[in-house]
Structure formats: structure tokens, C-alpha cells
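Geometric and topological summary
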Amino acid sequence: ALPASTPGVAAVPQYPALPSETPDEFKAPEGDFDYVKRTVMIPMRDGVKLNTVIIVPRKARNAPMLLTRTPYSAAELTSHAESSQMASILEGYDNATDTIIEGGYIRVVQDVRGKYGSEGDYVMNRPLANTALNPTPVDHSTDTWDTIEWLTKNVPESNAKVGIIGISYDGFLPLMALVNPHPALKVSVPMNPMVDGWRGDDWFHNGAFRQINLSYVLEQVVTRRNEAHWYTSHYDDYDMFMRAGSAGELARQRGAEQSGFWRKMVAHPAYDDFWRAQAMDQLLAKQPVTVPTLLVHSLWDAEDIYGAIAVYKAIKPLDKDGKVFLAMGPWNHGGAIGDGSRLGALRFNSDTALHFRQEILRPFLDRYLKDDESAARIAPVSAFETGTNKWRALNAWPSGCVSGCAIAPATLRLAANAKLNLSNAAPVQVSAPAQKAAFDEYVSDPGKPVPFRARPIPTHGYDEAKGQTWPRWLTDDQREASGRTDVLSYTTGVLTAPVKISGEPIAHLLASTSGTDADWVVKLIDVYPDQVAAQPEMGGYQLMVSADIFRGRYRESFATAKPIAAGAVLPYRFAMPTANHVFLPGHRIMVQIQSSWFPLYDRNPQTFVPNIFFAQPADYKKATQRIYHDSFIELPLVGASAVK
Ligand code: PG9
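This write-up is about the structure you can find in this document. Just so it is clear, the structure is predicted and the values come from calculations on it, not from any experiment.

What follows concerns the overall build of the chain. Secondary structure summary: the chain contains 14 helices and 27 strands in total. Its C-alpha radius of gyration of 25 Å places the chain within 12% of the 26 Å reference for a compact globule of 644 residues. Over its C-alpha atoms, taken along the principal directions, the chain stretches across nearly 85 × 50 × 45 Å. Looking at the chain residue by residue over its 644 residues, the buried ones come to 60%. Considering only contacts within the chain whose residues lie at least 6 apart along the sequence, 74% involve residues at least 24 apart.

On to the sheet that holds strand β18 (residues 487-491). The strand order across the open sheet formed by 4 strands is β18-β25-β21-β22, and the pairing between neighbours is antiparallel. Here the strands that pair on one side only, and so sit at the sheet edges, are β18 and β22 (542-551). Neighbour-to-neighbour, the strand axes of this sheet turn through a mean angle of 15°, independent of strand direction. Here 5 bridges tie β18 to strand β25 (residues 588-594), and the two strands are oriented antiparallel to one another. Bridge pairing in β25 links L488 to I593.

Moving on, we come to the side chain of T68. Mapped onto the elements of the fold, T68 is located in strand β3 (residues 63-70). At 2.7 Å, the side chain of T68 and the backbone oxygen of I165 are in polar contact. Here T68 is in contact with D94, R107, V108, V109, Q110, I165, G166 and D170, once residues within four sequence places are set aside.

With that out of the way, let us pick up the environment of T578. Along the chain, T578 falls in the loop between β23 (570-575) and β24 (579-583). Sequence separation of T578 and D519 is 59 residues, and the distance between their C-alpha atoms is 21 Å. Leave out the neighbours within four places in its chain, and T578 touches H297, L299, I309, M328, W397, G503 and E504.

With that out of the way, let us pick up the sheet that holds strand β14 (residues 390-394). Paired through backbone hydrogen bonds, the strands of a sheet run either parallel or antiparallel to each other. Pairing is mixed across the open sheet formed by 10 strands, whose spatial order is β1-β2-β4-β3-β5-β6-β9-β10-β13-β14. Only two strands of the sheet have a single partner each, and these edge strands are β1 (35-43) and β14. Put simply, the sheet's adjacent strands are angled 20° from each other on average, direction ignored. Where helix α4 (residues 140-154) meets the sheet, it contacts β1, β2 (49-57), β3, β4 (106-111), β5 (158-167) and β6 (185-191), and its direction lies at approximately 150° from that of β3. Against the sheet, helix α12 (residues 307-315) touches β9 (293-298), β10 (324-329) and β13 (381-385), its axis set at about 140° to β9.

Now for the site of the ligand. Neighbouring the ligand are Y72, S168, Y169, M194, D202, W203, N213, Y216, E303 and D304. Y72 is positioned with one of its side-chain polar atoms (N or O) 2.5 Å from an oxygen atom of the ligand. The side chain of S168 places a nitrogen or oxygen atom 2.5 Å from a nitrogen atom of the ligand. In isolation the ligand exposes 300 Å². Once the protein is present, 92% of that is buried. In the shell around the ligand, the residues fall into 5 nonpolar, 2 polar and 3 charged.

Assignment of secondary structure puts S118 in the loop between β4 and α4. On the accessibility criterion, S118 (2% relative accessible area) is buried. Among the polar contacts made by the side chain of S118, one reaches the main-chain carbonyl oxygen of D111 at a distance of 2.7 Å. For S118, the residues in contact, after removing those within four places along its chain, are K49, L50, N51, D111, V112, R113 and R224.

Across the 9 residues of β2, 8 count as buried, placing the element largely inside the fold. In terms of strand pairing, β1 meets β2 through 9 bridges, oriented antiparallel. Paired with K37 across the two strands is I55, which belongs to β2. Where β1 folds back onto β2 in an antiparallel hairpin, the turn is made up of 5 residues, including G47, whose phi is positive at roughly 95°. One ladder, built from 4 bridges, connects β2 with β4; its direction is antiparallel. Counterpart to I55 in the pairing with β4 is R107.

Within this structure, the stated rule accounts for 30 salt bridges. Among the salt bridges present, the one from D98 reaches R357, with a minimum N-O distance of 2.9 Å. Residue D98 is found in helix α3 (residues 97-103), and its partner R357 is found in helix α13 (residues 352-369); the two are separated by 259 residues along the sequence. The network of salt bridges with shared partners includes D46, R113 and D143.

What follows covers the state of the cysteines. Tallied over the full model, the rule gives 1 disulfide. The residue that forms a disulfide with C401 is C405, at a sulfur-sulfur distance of 1.7 Å. On the sign convention where negative is left-handed, the bridge of C401 and C405, at about 105° about the S-S bond, is right-handed. A residue is classified by how much of its surface remains accessible, and C405, at 32% relative accessible area, is partly exposed.

Before going further, it helps to spend a moment on the pairing of strand β19 (residues 499-503). Sheet faces and side chains relate simply in a regular strand, where the side chains alternate between the two faces. Of all 5 residues that make up β19, 5 are buried, and the element is covered over most of its length. With 5 bridges connecting them, β19 and β24 associate as antiparallel partners. Its bridge partner lying in β24, V499 is registered against F583. For β19 and strand β27 (residues 632-638), the ladder comprises 2 bridges, and the chain directions are antiparallel. Looking at the pairing, I501 lines up with L637 of β27.

Next up on the list: the nonpolar core. W262, M265, L294 and F356 are the most contacted members of the largest nonpolar core, which has 148 residues in total. With 8 residues, α13 is the largest single contributor of residues to this core. Ignoring any residue separated from it by four or fewer positions in sequence, one finds L294 in contact with S188, V189, P190, F325, L326, A327, F356, I360, L361, F364 and I378. Formed by 33 residues, the second largest nonpolar core is a distinct cluster that contains L412, L414, I501 and I627.

For the coordinates displayed, the defined rule picks out 40 aromatic pairs. Ring centres 6.2 Å apart and planes at 75° place the aromatic pair Y72 and Y216 in the edge-to-face group. Highlighted residues: Y72 in the loop between β3 and α1 (74-77) and Y216 in helix α6 (residues 214-222), separated in sequence by 144 residues. Owing to a relative accessible area of 21%, Y216 belongs among the partly exposed residues under this scheme. Look at F204 and F613: their rings are 6.3 Å apart centre to centre, the planes differ by 70°, and that puts the pair in the edge-to-face class. Taken together, the positions of F204 in strand β7 (residues 204-205) and F613 in the loop between β25 and β26 (623-628) put the pair 409 residues apart, joining distant regions of the chain. What makes F204 buried here is its relative accessible area of 1%.

Criteria and cut-off values
Residues numbered from 1 in each chain as written. Predicted model: local features only at pLDDT ≥ 70, side-chain atom pairs only at ≥ 80, totals over all residues. Heavy atoms only, no water. Helix = DSSP H or I, 4+ residues; strand = E, 2+ residues; numbered from the N terminus. Rg over C-alpha atoms; globule rule 2.2 N^0.38 Å. Buried < 20%, exposed > 50% of the residue type's maximum accessible area, 1.4 Å probe, protein only. Contact = heavy atoms within 4.5 Å. Pairing = 2+ DSSP bridges. Axes fitted to C-alpha atoms, helices over the stretch in contact; angles between N-to-C directions. Polar contact = N/O pair within 3.5 Å; in protein donor to acceptor, adjacent residues only side chain to side chain. Near = heavy atom within 4 Å. Areas by Shrake-Rupley, 256 points an atom, 1.4 Å probe, with all protein chains shown as cover. Nonpolar A, V, L, I, M, F, W, Y, C, P; charged D, E, K, R; others polar. Salt bridge = Lys/Arg side-chain N within 4 Å of Asp/Glu carboxyl O. Disulfide = S-S within 2.5 Å. Core = buried A, V, L, I, M, F, W, Y, C linked by side-chain atoms within 4.5 Å. Phe/Tyr/Trp six-rings, centres within 6.5 Å; stacked < 30°, edge-to-face > 60°.

Laid out in C-alpha cells, this is it:
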């Protein structure tokens, strides 16, 4: 049924039925083309037309349609090569190309409102229509509804069934499609979706600003075709951001005020309604699950490591008839459509992404888009177990094994002499240290923040030839950091038995600072044996399994920044990204703690200021940080564990 027409907007357009014969302009061109490409402007209910590229396999009859909506240029996403072969023009972002070709799908890619070939105005992650954040009657939900309505009546080669799929921002859009979904929408596949830009996706993590994305805020918003370019003034981004001082100052120098979204970002440094009202997990938790949805998560996702799991946690409890599925793999952001046999220095003994596409994605799509009852039934949760490099088919998440092995909270507690004690004892959070409690301390100097990766750090990008290996930085070796005096490192003894964790580790710090604000970075690390015969360069490797940052001013409430009383010993508690990892015998477990992660995150001046975007040079002061040995990480431990 069509949605009720929106007041003040023309009723949803009624499209004429298609002629029985395929119109000439739809006929395949001569030559060896194996596809027909059509570019159409689809009218939305408010009259704005959206540029839509439709690629129809030459032999397609009664074929389902796989739709991606994007702010990154539909033309570009459908012409990665000049070729007469559909497989070639699609090879690249944001296409699961082998799945599309082998499945015989019609490929549809559309510029979202306000970007590239589409009309209308652009709003970053356009919030829900008819709300304070978007008073217009249109949003990505209505635009998707109108697009699907048009497709079902204007693609004669289709079976009038549509699946929506996409990565990142293109993964946020399949979530928006679930708000009042069109009846012809049969599946949604949000891959590494943007879900909550403040809690743990692209803009902030627990209040610390991800300033490395400043270029995106300018380029993506200021012009329709991304013609305003951010320039870089240093080969090493570390120097550029240091030279500028605060993120707000660098943004001002580069003209970011032209970006409406930047002005909103600066006005909302805390977790207020501006962010909460856009959080897709919270929005979708308010409605029933009606469309089969396969959430795809990457365990080393450098961009949206929060989103997929957050949505899964929000909507799975509402899933009365098994429509919500989750797949997680040892990938970086978007890695599920690439080569999943390796990531940085890591080797997985098989192409995990190909396994996902062939054994999980394809049967999922075929089951619901082709009504192919013979399509294999995928497990509710397909989770790759890192360390052992095994896929696990599970009934729920978090879950330790298919028979539902118990997950018990274990305690990984700091100890003297940089030791770390793992015990099965349930964690006990203390809110204040005992008399003469032990601690370690370091000086956090904003003049020399801890690099988030080995310098030089080239401009944030994807060009490996230029050393831009941003996509895989979460798997970088942490040895350099562990050798710094402003990084505390604690390590267990050599493990004598596997230690498996499935779920979100939780950091429980007891800490003080001589300043009045502080950032706390906690990293859970798998330390490889001193010698690794199968891969010598992994000897002693320090691999982050889960890591995150927490901006101390939000310790009492994400919505309200408060100064920290200098010298006061206070508890800090925050969840870290999901892990599904086995620390193997012969390995050790390490925890690193530091107070900056630069230039990925802006520096905390360590003196309380109303808005860190406007911190002045004089605000940045060294601080002595004390971490008490009552601090620990609560581990979601599967089964017993033994540590030598
Ligand atoms: N989620 C990715 C991103 C968004 C904003 C800034 C930087 C990256 C993406 O959509 O590519």
C-alpha cells in the first residue's frame, strides 16, 4: 500500500504500466556487450529527480534488482572500467561484483538527493523527515520508497523485487530503507553501516573527535560534485594537524565553515539530540522488523566499527520470525567485497570474503529475491573466529559456540611490574582506590601526542602506492607504542591454553590526572610468540584485537561535559569494539593505556574548555596521568582459561 501522502506534497506519483514490448531505447546495443546500461531520472514525491543507473544483464528475464544508493557518484560506481562486460564496469566500490554477475542480478545505483547527477539539496546522513532535524517531508526512506515504486514498474526485465545493499554511508541507506519499507523491498544488506556518528562511527568515538575526517566534511558537503578539495600542506599529517593546533582552527583555515554540516558538528560536541535523533540503532528499535536484513560487520573496521553490532543489538530482540542475520569477518572497512585472505600482516588461510559472498550473501539474496526455496539457509550468525581462523555458524550473538557455550565475564587486571593477571573471577569495579593503592603514571604531553600509527602518516587515503594504508591501520604492530614512556603496557605470562573472547570487552579504569580533562585510550592486544615459524615477521607482533578512546569530560554523561577534578581518582567505564578472538597458547595478552591517538583524534588540551574545537594554544598543557592497578578489562570469556 502506498504510504499516506505527505501533507503539502503531491501524492506519490502513479507510474503508467510499461509497454508489453521492450522499447527500442531499452534494446541491447549491437556488439559483444553483455549488458544494457540505462541512466534515468526518477521523480520523487516532491518532484526532485534522482539520477539512477540501471545495468541490465543482456539475458535478464524476471531478474531481481540489487539497489545501492550513494553520495559517491552512481556514474563512478558503475563505470570502474570502459568495457562491454558487466563484470568489468562494476569491479570496485561499492559492488559485490561476483555475486551480482553470478546471481544474474540487475544492478541499480542511484545518486542520493543533492549529490552528483541528482537534483535537490544535500544533507549529511539526511535525518528522518518531518522532524526537528529535517522539517521537510522527504528523507532517504521516502526517496527509497519512490525509487522502488518506479523500478517495479519500469524495468521490464525484472521480477519487480528489490534488494538494497551498500557499504559505509551506502550501508546507512539500507537502514533508512527499513523505515516504512516499500512492499517490493525484499532484503536489506547494510555493510559496515554508519549508524551513530558520535558514539563509535565516523565523527567521534566516545566524544573524541576524529579530525582525520575533516577533509570529508568539506569535500562531501560543499558542492554537488565534490569540486571543493581539501589540500594538504605536509606529507606527514601528524605535522599538519600539530601546526594547526585545534581541529576547529584547521577547519577555519581550510574554509570548512562553508559546510553546513561542519557548523552543526561544532555546535554539537556532546551527545545531544542532534546525534541521538540520528542514531539508526535507536530509530530502528522503535519499529517491528519486517524486511529480512543481513548486517555485515568487519572486525578491523577503521571507520564504522560501531554500527552493525549496535543495530544488531537493537533489532534482534524484535525479530520474531528470524529475519535478522549477522555476518562478521576479519576485514577492514568494506573488506567483504574484496580479497579476504589477508589484512596487513595477517593471513587467514582462506579467502574469507569470498566465503562470505558465496556461502552467506548469495544464498541470502537468492532466498528472498528469487523465492528460491532451494537456496541454502544461512545461520543466524556467521562469525569468523580470529586466531584460529575458523568460521563459526551460531544461533545468536554474542555466543561462544553453536551449542551456546557460556560466556562469563573474566577479569584482566593490571599488576605491578607491568604484569597483567587474567582470572575467571567476576570483575569487581572499585570506585576509589584502597589506601596506598599501587599505580603507574606517565606524562601526557599535547606537544608530543602519541601517533596512532608509525610516522610519517600520509594524508588519509586509500592509495597504497602513496603509502596511504589507512584502511588497514587497525592491524598495525603496536610495538612502537609499547616502547613509549607515555604509553603504559601490561602483559600476561605466556598462555598455556587458548583464551577465547566473544563480544565487547569493557574497560574499567581507575585513574587520575593533574589536568582538568583527559582522554583515555585502551588497547587489548594479542602478543605473538617471539618466533613464528610459519611467518617470521610475526615474531613478537602486537596485534590490536579491540581498542578505543574515551574523552574523560563525558565520564558522567555523554550529553554533558564536565571538568575533571585535578588529582581526583575517578572510575571510567566504556565498552570496546566487538572481538571474536582466540589468544592461542604461546601468545600473551597485553593491555596498553595512553592519552592521545594523533592525528586520528584531536588532542585533548587536558585543561577543561567549553568546546575543544575552539581550544587555544595556551589551553594545551602537559598532565601527569595515574592509572591504578585496580583498573581492569572485563573480558567476555568463553570457557575456562589458563595462564602460566
Ligand atoms: N563511513 C565512511 C566515512 C564517512 C564519513 C567520513 C569518512 C568516512 C564512508 O562512507 O566512506
